[in-house]
Amino acid sequence: MTRNPQLNKHGELQHLITLEGLSREILAAIFDTAEPFAEVAEREIKKVPLLRGKSVFNLFFENSTRTRTTFEIAAKRLSADVINLNISTSSASKGESLLDTVDNLAAMQADMFVVRHASSGAPYLIAQHLAATGRDHIHIVNAGDGRHAHPTQGLLDMYTIRHYKKDFTRLTVAVVGDLLHSRVARSQIHALQALGVPEVRVIGPRTLLPTGVVEMGGRGSLRVFHDMREGLKGVDVVMMLRLQNERMAGALLPSPQEYFKYYGLTPEKLALAKPDAIVMHPGPMNRGIEIDSAVADGAHSVILPQVTFGIAVRMAVMSMLAGN
Ligand code: NCD
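As the structure is a prediction and not an experimental result, all values here were calculated from the model.

What follows covers the pairing of strand 2 (residues 81–86). One ladder, built from six bridges, connects strand 1 (residues 55–60) with strand 2; its direction is parallel. Paired with Phe60 across the bridge in strand 2 is Asn86. Remark: the strand 1/helix 2 (residues 66–77)/strand 2 crossover connection has right-handed handedness.

Structure representation (structure tokens):
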């Protein structure tokens, strides 16, 4: 596989592994495809037959609530057969290698693998393996790999911003918190810049910000702030990140209380953003550590709409891949 391994020879999406390198046109096509699916969800009968007869395997090697469930709902609303693998009780725990697991599931005539894995690059490795063995009709959707990427989260976040703010080219967007360990932030930053957001700010303590723009998923310029109050001034969108304790080796922070004091989103800090700013979080939230409950449940929060939009966006991704 060559430069953009997720595109087929017609430049269409074959797999969704990263948002890096995806054009504004492809992103817009995904959002436009998602819109009618969001409307279908309002109807009493929510199913459409686009993936009838297809088998979607949910392969989650790492825990998940929202992502796994919304992928399952999305596949079911597209009329696919969905097979959920609980990896902690599967053969992986008996020592079977990732690619052996994949080969066996492929032998069950899988059409799509939705993969979450603790190792960055696992979905790409699977796509490469399938291509090398002549089975690249099986589509791969990355549902989060290590610190690398979480493309459907990035897409649903952009869909949410588009819904509330319409025009990306007039926005100032802040991504706040533990960027160092966050695959979500990297996917968000790729997408925000591809969609033409003129000012992307990253806010966090020095110990939790990667050292370069590229390491943060950016091209061009990002504005870096270590003072959250400065960074939030006049922003349209505040994207909070979870403190990823499970990925932290050693003490990067003095204490959760100290973190909350400087980087927790409170009503008082949010008051520095635009009066109509929206607040987002990919979940799971650590209330009282990165976000105050008064903000998480407050008038600016669009955290639950993000989850709902995630279904339509995942339906759009799966139906587009299946059609390519
Ligand atoms: C994120 C993830 O797992 O990467 N959650 C999610 O998918 N909604 C973010 C996180 O775990 O902090």
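Back to the text.
Glancing now at the sheet that holds strand 4 (residues 139–145). Taken together, the four strands give an open sheet; going across it, the order is 2-1-3-4, and neighbouring strands pair in parallel fashion. Of all the strands in the sheet, the pair left with one neighbour each is strand 2 and strand 4. Averaged over neighbouring strand pairs, the angle between their axes works out to 15° when direction is ignored. The strands that helix 11 (residues 303–323) touches are strand 1, strand 3 (112–117) and strand 4; relative to strand 4, the one it contacts most, it runs at about 150°.

Bringing the side chain of Glu62 into the picture now. Summarising the element assignment, Glu62 is placed in the loop between strand 1 and helix 2. Look at Glu62 and you get buried, because its relative accessible area is 19%. Polar side-chain contacts of Glu62 include one of 2.9 Å to the side chain of Arg183. Once residues within four sequence positions are removed from consideration, Glu62 is found in contact with Arg116, His117, Ala118, Arg183 and Arg247.

Attention now goes to the domain arrangement of the protein. According to the domain assignment, the protein contains domain 1 (24–150 + 307–323) and domain 2 (151–302). Taking the mean C-alpha position of each, domain 1 and domain 2 sit 26 Å from one another. Residue-level contacts link 29 residues of domain 1 with 28 residues of domain 2. Each partner contributes to the roughly 2400 Å² buried at the junction of domain 1 and domain 2, and carbon and sulfur atoms together form 61% of this total. For domain 1, the biggest contributors to the area lost against domain 2 are Phe31, Arg147 and His150; these three give 33% of the whole. If you look at where domain 1 meets domain 2, you find three salt bridges. Note that Arg183 is salt-bridged to Glu62, the shortest N-O span being 2.9 Å.

Looking now at the environment of Glu268. Here Glu268 is to be found in helix 9 (residues 267–270). For Glu268, a relative accessible area of 47% puts it in the partly exposed group. Separated by 133 residues in sequence, Glu268 and Arg135 have C-alpha atoms that sit 54 Å apart.

Where helix 2 meets helix 11, the closest approach of the two axes is 8 Å, and the angle between their N-to-C directions is 55°. Our classification of the angle between helix 2 and helix 11 gives oblique. Note that helix 2 runs across helix 11; the crossing there is right-handed. From helix 2, Arg66, Thr67, Thr70, Phe71, Ile73, Ala74, Ala75 and Arg77 reach across to helix 11, where they touch Val307, Ile311, Arg314, Met315 and Met318. Each residue belonging to the contact of helix 2 with helix 11 can be placed in one class, and the counts come to eight nonpolar, two polar and three charged.

Turning our attention to the nonpolar core. The biggest cluster of nonpolar side chains holds 65 residues, and the ones touching the most others in it are Leu155, Met158, Ile161, Leu179, Leu192, Met239 and Met318. The element contributing the most residues to this core is helix 11, with ten residues. Composition of this core by domain shows at least three residues from each of domain 1 (24–150 + 307–323) and domain 2 (151–302). Once you skip the residues sitting within four places of it in the chain, Leu155 turns out to touch Leu16, Leu19, Leu27, Ile30, Phe31, Val313 and Val317. Of all hydrophobic cores here, the second largest spans 24 residues; its members include Met228, Val279, Val295 and Ile303.

Rules behind the numbers
- Residues numbered from 1 in each chain as written.
- Predicted model: local features only at pLDDT ≥ 70, side-chain atom pairs only at ≥ 80, totals over all residues.
- Heavy atoms only, no water.
- Pairing = 2+ DSSP bridges.
- Helix = DSSP H or I, 4+ residues; strand = E, 2+ residues; numbered from the N terminus.
- Right-handed = clockwise from strand over helix to strand, strands pointing away.
- Axes fitted to C-alpha atoms, helices over the stretch in contact; angles between N-to-C directions.
- Contact = heavy atoms within 4.5 Å.
- Buried < 20%, exposed > 50% of the residue type's maximum accessible area, 1.4 Å probe, protein only.
- Polar contact = N/O pair within 3.5 Å; in protein donor to acceptor, adjacent residues only side chain to side chain.
- Domains from an automatic or database assignment.
- Buried area = accessible area lost by both parts, 1.4 Å probe.
- Salt bridge = Lys/Arg side-chain N within 4 Å of Asp/Glu carboxyl O.
- Parallel < 35°, antiparallel > 145°, perpendicular 65-115°, else oblique.
- Left-handed = near helix turned anticlockwise from the far one by under 90°.
- Nonpolar A, V, L, I, M, F, W, Y, C, P; charged D, E, K, R; others polar.
- Core = buried A, V, L, I, M, F, W, Y, C linked by side-chain atoms within 4.5 Å.

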